[in-house]
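Take a look at the letters that make up each chain.
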Amino acid sequence: MTELIEADVVVRPAVPGDRPVVDRLWLMFRHDLSEFRGLLPGADGSFRSERVEDAFSSPDWAAYLFVRGEHPVGFAFVRALGAPVRVLNSFFVTRGARRAGIGLTAAREVLTRHPGRWEIAFQYENPGAVAFWRRVAAEVAGDAWTEEPRPVPGLPELPPDVWISFGTAP
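Computed from a predicted model, the values in this text were never measured in an experiment.

1. Observations regarding the nonpolar core
The biggest cluster of nonpolar side chains holds 30 residues, and the ones touching the most others in it are Y64, F66, L88, F91, V110, W133 and F166. Taken together, the elements giving at least two residues each to this core come down to β2 (9-13), β3 (61-68), β4 (71-79), β5 (85-93), α3 (102-113), β6 (116-122), α4 (127-141) and β8 (161-168). If we skip the residues at most four places from it in the chain, F166 touches L111, G116, R117, W118, I120, A137, V140, A141, A144 and W145. If you look at the next biggest cluster of nonpolar residues, it comprises 15 residues, including V22, F29, V52 and F75.

2. What about the pattern of salt bridges?
According to the stated counting rule, one finds 10 salt bridges in the structure shown. R68 is paired through a salt bridge with D8; the nearest N and O atoms lie 3.0 Å apart. With R68 in strand β3 and D8 in the loop between β1 (4-6) and β2, this pair connects stretches of sequence that are 60 residues apart. Taking the relative accessible area as the measure of exposure, R68 reaches 28% and is therefore partly exposed.

3. Description of α3
For α3, which comprises 12 residues, the first-to-last C-alpha distance of 17 Å matches the rise-based estimate of 16 Å (1.5 Å per residue) to within 8%. Buried residues dominate α3, accounting for 10 of its 12 residues. Inspection of α3 places I102, G103, L104, T105, A106, A107, E109, V110, L111 and R113 among the buried residues, and these make up the whole buried set.

4. As for the confidence of the model for the protein chain
Looking at the protein chain as a whole, its pLDDT mean stands at 87, while 89% of the residues score no less than 70. pLDDT under 50 marks residues 1-6. Its contacts with residues more than four places away, or in other chains, come to 16 contacts.

Procedures and definitions
Residues numbered from 1 in each chain as written. Predicted model: local features only at pLDDT ≥ 70, side-chain atom pairs only at ≥ 80, totals over all residues. Heavy atoms only, no water. Core = buried A, V, L, I, M, F, W, Y, C linked by side-chain atoms within 4.5 Å. Buried < 20%, exposed > 50% of the residue type's maximum accessible area, 1.4 Å probe, protein only. Helix = DSSP H or I, 4+ residues; strand = E, 2+ residues; numbered from the N terminus. Contact = heavy atoms within 4.5 Å. Salt bridge = Lys/Arg side-chain N within 4 Å of Asp/Glu carboxyl O. Expected span 1.5 Å × (residues − 1). pLDDT = per-residue confidence, 0-100.

Given below as structure tokens:
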């Protein structure tokens, strides 16, 4: 696959040598989410990271790194690659790179690398994510997307996640 350079960002598959960078970006991602769901780090100061492990070790997952110049500016994890519906499991752009088109460029690139049906979850409490993912869905699928709240599995005390669903063309 070719690398996309648009909005001054390169979106590429993350390789094992990128793991330390993705681990550090993961901490920033989980810290950002803690504002909306009250997530706290463990006693060692880290957040749960099994998704990072899955993204680098499971054949049904793909990890992507977003780079601007020499700077890593974000990542995405895709799961369910072999299923009829893929899930954009985690998506993050560093605060210093937001509002520059990097997120939209990276999302389009990741989604088009895996054509077919997609689902993406976000939280209504996160107004930036609400606007961003609705914009991504509209840009990628026009009017052919849906949005639905779903309970968070195993965490009935949390507000529901919001899931958007759409398809990308081959």
